Number of protein chains: 2
Amino acid sequence: MEKVREIMREGRRVAKEDPRRVVHSFKVGLVLALVSSFYYYQPLYDSFGVNAMWAVMTVVVVFEFSVGATLGKGLNRVGATLFAGALGIGAHHLASKSGSTGEPILLAIFVFIQAAVSTFVRFFPRVKARYDYSLLIFILTFALISVSGFREDQVLMLTHKRVSTVIIGGLCCVLVSIFVCPVWAGQDLHLLLASNFEKLSLFLLDFGDKYCEAEENDDTKEVVDKRKRNFDNYKSVLNSKSNEESLANFAKWEPGHGQFKFRHPWKHYLAVGELIRQCAYRIHSLNSYYNSDIQVSIDIKKKLGEPLRRMSSEAGKAMKEMSNSLKKMTKPSSSNLHVQNARSAIKSLTNLLDSGILKEVEPQELISLLTAISLLIDIINLTEKILESLHELASAAKFKSKTAKSEKPNAKSIVSVQPTKYHDDHVVTIFEDDDTSKHNNRSNEVPIDEEHETKCVSCNHTSPRDVVECDNVSPK
Amino acid sequence: MEKVREIMREGRRVAKEDPRRVVHSFKVGLVLALVSSFYYYQPLYDSFGVNAMWAVMTVVVVFEFSVGATLGKGLNRVGATLFAGALGIGAHHLASKSGSTGEPILLAIFVFIQAAVSTFVRFFPRVKARYDYSLLIFILTFALISVSGFREDQVLMLTHKRVSTVIIGGLCCVLVSIFVCPVWAGQDLHLLLASNFEKLSLFLLDFGDKYCEAEENDDTKEVVDKRKRNFDNYKSVLNSKSNEESLANFAKWEPGHGQFKFRHPWKHYLAVGELIRQCAYRIHSLNSYYNSDIQVSIDIKKKLGEPLRRMSSEAGKAMKEMSNSLKKMTKPSSSNLHVQNARSAIKSLTNLLDSGILKEVEPQELISLLTAISLLIDIINLTEKILESLHELASAAKFKSKTAKSEKPNAKSIVSVQPTKYHDDHVVTIFEDDDTSKHNNRSNEVPIDEEHETKCVSCNHTSPRDVVECDNVSPK
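Throughout this document, residue positions are counted from 1 along each chain, in the order its sequence is written. Think of it this way: whatever chain is written first is A, whatever ligand is written first is 1, and the rest follow in order. Under the rules for a predicted model, residues below a pLDDT of 70 receive no local features and side-chain atom pairs below 80 are neither given nor counted, while totals for whole chains, interfaces and linings still include all residues. Each side-chain value is derived from all of the structure's non-hydrogen atoms; neither hydrogens nor water enter the calculation.

1. A few points about the UniProt feature "transmembrane region" (unreviewed entry) in chain A
All names here are of chain A. Formally: UniProt positions are given in the numbering used here, feature names are shortened, and annotations may be inferred rather than shown by experiment. In this description a helix means any DSSP run of H or I spanning at least four residues, a strand means any run of E spanning at least two, and both kinds are numbered starting from the N terminus.
Residues annotated in UniProt with the feature "transmembrane region" (unreviewed entry) correspond here to residues 21-40, 52-71, 101-121, 133-151 and 163-185. Along residues 52-71 the backbone is 80% helical and 0% strand, and the end-to-end C-alpha distance reaches 21 Å. In residues 101-121, the share of helix is 100% and the share of strand is 0%. The end C-alpha atoms are 31 Å apart.

Next comes the structure, spelled out in structure tokens:
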């Protein structure tokens, strides 16, 4: 009884995680019941006979979760069946000329050679990625046709029936998977990338504050544990490679849908995904320093806090912005500014370090502190690379430009970007987010929204000096 | 023509990478030709008829590269066929009681419910890992039996034939895969782990020297490129998770073979593999610092070179030793000493740092240097964790103890371990490798072999002071 309840709980969890799974299960049941009608209705049965079973088999084997996977498997199956059918008939014809003793031997040799060669070809990496299933079906159909041809004289008839039932089964799957609540692998890949961006941004947005406050408040064990859990979100990014690759493989089979055209540049997604993963590796190292036993003293953290916070949060904001622009399929316009802000924060940090602030720091602390700093710098460098790569993706996929939308003179949301030199080395960049456009349709009041940054984005710090610095700069 | 030559080259590469692939292809061809004989020979055809085709299908679908995968799929298929066959007969019996109009409707409902529920259950992570194929075959067989039962009155006969042909096909696959040049997934997992250890050790053994020599010789671009390629070996470890997991899943199905018993603790392999991957992430970061533009001056590198080299090489030796002991399935006896040596090197390094050596270093250099140091320390910590985890694996898998073997008084290879206090903080540990035992069977000469370390293992450095230090300590 406890076991049953546990299974029910697991089922609810699985359904809640992705409700499309329930819909998919219904779809499979529906198509299978539909195709089974081949057997029930006399007219259909008369034309196909026992071969109608191939339609049932095709549905069970081909119907996958996403359209791309279903389409890929369906096309693989139909193509391979056609090709192997033709080849099987040829083999049968050749063997039948060699008399009744020679025929089975020749057929066995054909089957052996074909199976051995096809199995070997399945090991080719490029074949394995896209045509593995094709070759499986090729071996199967060739063996069945050439061998059963030995018994049944109407080989052509048999092949015709097998091919047409496979086509009917495959077509049912493909049509239902496209037109009934479709699950697009391409869209999933797109959203997976956006969510990976977001996971990293969540870490980075919090990291600066948490790192600098680490010892100010005596956290209880529970608080520490909770923080740890929040931080651990990014870990799923570390192992997302195989998932991304299979989604990209499926996506290549998909027709145009929604905002994605047929030849959407999916391989660019893999490139961006790889860089995001590189960044996640660094974040993983950074996280281990944050959780390490060696704590840097509050004193030095206070001194370096401002640029450190800014570095982390600006990188986080750049990631967040990239996530949003990917979701909306617009060019990532303001990420560049965030990266510049992060760069300027690096400069102020190095200036602080140059001023001899580290002289009194213990070597142990120094190691921990400087490693965190250097990993952060590394992350910012990678963020810049990711941004470049995302720009390439955006232009290959012809993402809309954000600025074009907000150039209407009436719209309240004007991107006002003015890099303002403050010290020689510290560029503070100010800009308004142009997201306001959609709010302006509702009301004319200035929107209060956590996504809006009408203030100086590079100054979300709290030390008095910085606030003064910030107040001097008002958006024009 | 060029295309054909390219394919030939690719084929040669694939075969060279793992010659077992060629053998596997022959095996598949052989079994398929064998099973096809069901069709050729009258007596066999008489008893199974067209159903003999199920044996052919089973072979094509079930025969996988490794024994574990074949056995898993075969058992899944046979079990699911039996269960679904029984259930299908029951459904047929129930439906046949409801009259000629009710029967097809009821059968369609049964098929729908069964397919929908089974498809949903396939999403459960634990089911997906081990029984995904079972459920596929379950849906297929149930649909075929209950639906074709509507036509053919001899449902029991049909089920019996389908089940027995599937069993015959599956049995052929399993027997051939076990007894003809078997490929064991368990062994592959075992060797994969050992090679992952080795890849990391190769990086670490070289890293110290290369890092400290970086600017002494003006390397040409080619040399730098080549070094980069040698270093990049470890990168395959970063994404080995999915491969390890699937091998472990297959290995669970395998019977005892060679040194692996039936219930070999495969899940411990996954734990060790995960830690190795964690270490690889750190190495990945370390590598990026090594390749970065900011170079640390030779002066400071010379001062810190000795402990840095030792840290890296001792960690590398520990990894190498773990790789070897895993390969030989003995307990990793001397790795602990290498880790201790690495720890003592860390201590001498921190002492050096405490002595104020860093006062004159530029902040930029300092960041780069200290990050490399801290990542190295991190790697040594992880090496210790990996060693613990490997010890757990070794005791769970009942690996032989190395020392027991070499305690024979006659054997020349006696592990002589004497931690010798040198300075207050610098423990130099000396030991002889006990690998010599196998060489002693061949000859009584002292073997000269790169695997043997009859000298002070913690002193493979070159500075004059160290050599003197080393000469003072001779193994007793």
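2. Considerations on the environment of F124 of chain B
Rules: Only heavy atoms matter for contacts: two residues are in contact if any of them lie within 4.5 Å across the pair.
Mapping F124 of chain B onto the fold places it in the loop between α6 (99-121) and α7 (125-151). The contacts of F124 of chain B, once residues within four sequence positions are left out, are I7, E10, G11 and V14 of chain A.

3. Examining the relation of the copies chain B and chain A
Going by this rule: Copy-to-copy superposition: least squares on the C-alpha atoms, limited to residues that have pLDDT of at least 70 in both copies.
Screw-axis analysis of chain B against chain A gives a translation of 0.0 Å along the axis, an RMSD of 0.1 Å, and a rotation angle of 180°. Read as a symmetry element, the transformation amounts to a two-fold axis. The C-alpha atom lying nearest the rotation axis in chain B is that of T371 of chain B; the distance is 2.2 Å. Taken together, the interface assignments show that 100% of the residues at the interface of chain B recur at the interface of chain A, consistent with an identical surface on both copies.

4. Quick look at the packing of aromatic side chains
Under the convention used in this document: Any Phe, Tyr or Trp ring, taking Trp's six-membered ring, that has another such ring centre within 6.5 Å forms a pair; planes under 30 degrees apart are called stacked, those over 60 apart edge-to-face, and the others tilted. Note on exposure labels: buried denotes an accessible area under 20% of the residue type's maximum, exposed denotes more than 50%, and partly exposed covers the range between, all computed with a 1.4 Å probe on protein chains only. We call a charge positioned above a ring when the Lys NZ or Arg CZ atom is no farther than 6 Å from the ring centre and deviates by at most 35 degrees from the ring normal.
Applying the stated criterion to the full structure yields 19 aromatic pairs over all chains. Taking 5.5 Å as the distance between ring centres and 25° as the angle between the ring planes, the aromatic pair formed by F83 of chain B and F138 of chain B counts as stacked. Within this pair, whereas F83 of chain B is found in helix α5 (residues 67-96), its partner F138 of chain B is found in helix α7, the two being separated by 55 residues in sequence. Judged by its relative accessible area of 51%, F83 of chain B falls in the exposed class. Given a relative accessible area of 10%, F138 of chain B falls into the buried group. Arranged with centres 5.1 Å apart and planes meeting at 40°, the rings of W266 of chain B and Y269 of chain B form a pair that is tilted. You can see W266 of chain B and its partner Y269 of chain B sitting in helix α13 (residues 266-290), 3 residues apart, about one turn around the helix. Given the relative accessible area of 3%, W266 of chain B is considered buried. Put simply, the rings of F203, F207 and Y234 of chain A touch in pairs and so form one group of aromatic residues. Its guanidinium or amino end placed over the ring of W54 of chain B, R162 of chain B lies 4.0 Å from that ring's centre, counting from NZ or CZ.

5. Considerations on unusual backbone geometry
Glycine aside, residues mostly have negative phi, and peptide bonds are mostly found in the trans state. Residue and element names in this part refer to chain A. A positive phi is found at K398, a non-glycine position, where the angle reads about 55°. Within the element layout of this structure, K398 appears in the loop between α16 (363-396) and α17 (402-405). For K398, a relative accessible area of 67% translates into the label exposed.

6. Structural notes on the confidence of the model for chain A
All names here are of chain A. To keep it simple, the criterion reads: A residue's pLDDT is the confidence the predictor assigns to it, expressed on a 0 to 100 scale.
Summary statistics for chain A give a mean pLDDT of 78 and a share of 79% for residues scoring 70 or more. Note on residues 404-476: pLDDT is under 50 here. Beyond four places in sequence and across chains, it has 108 contacts. For this predicted complex, the interface score ipTM comes out at 0.75, alongside a pTM of 0.75.

7. Focus: the interface of chain B and chain A
Convention followed: Salt bridge, as used here: a side-chain nitrogen of Lys or Arg that lies within 4 Å of a carboxyl oxygen of Asp or Glu. As used in this structure description, the phrase polar contact means that two N or O atoms lie within 3.5 Å; if the pair is within protein, one of them must be able to donate a hydrogen and the other to accept it, and residues adjacent in sequence are counted only when both atoms belong to side chains. For this scheme, ten residues count as nonpolar: Ala, Val, Leu, Ile, Met, Phe, Trp, Tyr, Cys and Pro. Four count as charged, namely Asp, Glu, Lys and Arg, and the remainder, Gly too, count as polar.
Taken together, the contact pairs 80 residues of chain B with 80 residues of chain A. The tally of links from chain B across to chain A stands at 0 salt bridges. Remark: the boundary between chain B and chain A carries 7 residue pairs in polar contact (both at pLDDT 80 or more). If you tally residues by element for the side of chain B that touches chain A, the top one is helix α2 (residues 20-40) of chain B, at 13 residues. Of the residues belonging to the side of chain B that touches chain A, the class tally is 50 nonpolar, 18 polar and 12 charged.

8. Notes on helix α15 (residues 335-354) of chain B
Note the following rule: Take the number of residues in a helix, subtract one, and multiply by 1.5 Å to get its expected span.
Taking 1.5 Å per residue as the helical rise, α15 of chain B with its 20 residues ought to reach 28 Å, and the 28 Å between its terminal C-alpha atoms agrees with that figure. Of the residues one or two after α15 of chain B, G356 of chain B is the one with positive phi, at around 85°.

9. Digging into the side chain of T165 of chain A
Residue and element names in this part refer to chain A. Note on placement: T165 falls in helix α8 (residues 155-179). For T165, a relative accessible area of 0% corresponds to the buried category. Within the structure, T165 has its side chain in polar contact with the backbone oxygen of K161 (distance 2.8 Å). A distance of 2.9 Å separates the side chain of T165 from the backbone oxygen of R162, its partner in a polar contact. Ignoring anything within four residues of it in the chain, the contact list for T165 reads F48, N51, A52, W54 and A55.

10. Details of the side chain of T159 of chain B
For T159 of chain B, the position within the fold is in helix α8 (residues 155-179). Residues within four places of T159 of chain B in sequence aside, it is in contact with G85, I89 and I145 of chain B.

11. With respect to a nonpolar patch on the surface
Counted only if it meets this: Surface patches are defined over residues having more than 30% relative accessible area and no salt bridge, joining like charges when they lie within 9 Å and nonpolar side chains (Val, Leu, Ile, Met, Phe, Trp, Tyr) when within 5 Å. Under the convention used here, a 1.4 Å probe and the Shrake-Rupley method define accessible areas, while residue burial counts only the protein chains that appear.
Taken together, the side chains of I105, I109, I113 and V117 of chain A make up a nonpolar region of the molecular surface, amounting to roughly 360 Å² of accessible area. The residue I105 of chain A is located in helix α6 (residues 99-121) in this model.

12. Re the packing of helix α14 (residues 298-328) of chain B against α15 of chain B
Residue and element names in this part refer to chain B. Condition: Note on geometry: axes are lines fitted to C-alpha atoms, helical ones only across the stretch in contact, with angles between N-to-C directions running from 0 to 180 degrees. Each angle receives one of four descriptions, namely roughly parallel if under 35 degrees, roughly antiparallel if over 145, roughly perpendicular if within 65 to 115, and oblique otherwise. In a left-handed crossing the near helix is turned counterclockwise from the far helix by less than a right angle, and in a right-handed crossing that turn is clockwise.
In the contact formed by α14 and α15, the axes pass within 8 Å of each other and the chain directions differ by 165°. Of the possible angle classes, the one that applies to α14 and α15 is roughly antiparallel. α15 is crossed by α14, and the crossing has left-handed handedness. Taken together, the residues of α15 that come into contact with α14 (itself represented by K303, L304, P307, L308, R310, M311, E314, A315, K317, A318, E321 and M322) are S335, H338, V339, N341, A342, S344, A345, I346, S348, L349, L352 and L353. Along the lines of polarity and charge, the residues of the contact of α14 with α15 split into 14 nonpolar, 5 polar and 5 charged.

13. A word on the environment of T159 of chain B
Judged by its relative accessible area of 7%, T159 of chain B falls in the buried class. Along the sequence, T159 of chain B and A84 of chain B sit 75 residues apart, while their C-alpha atoms lie 9.7 Å from each other.

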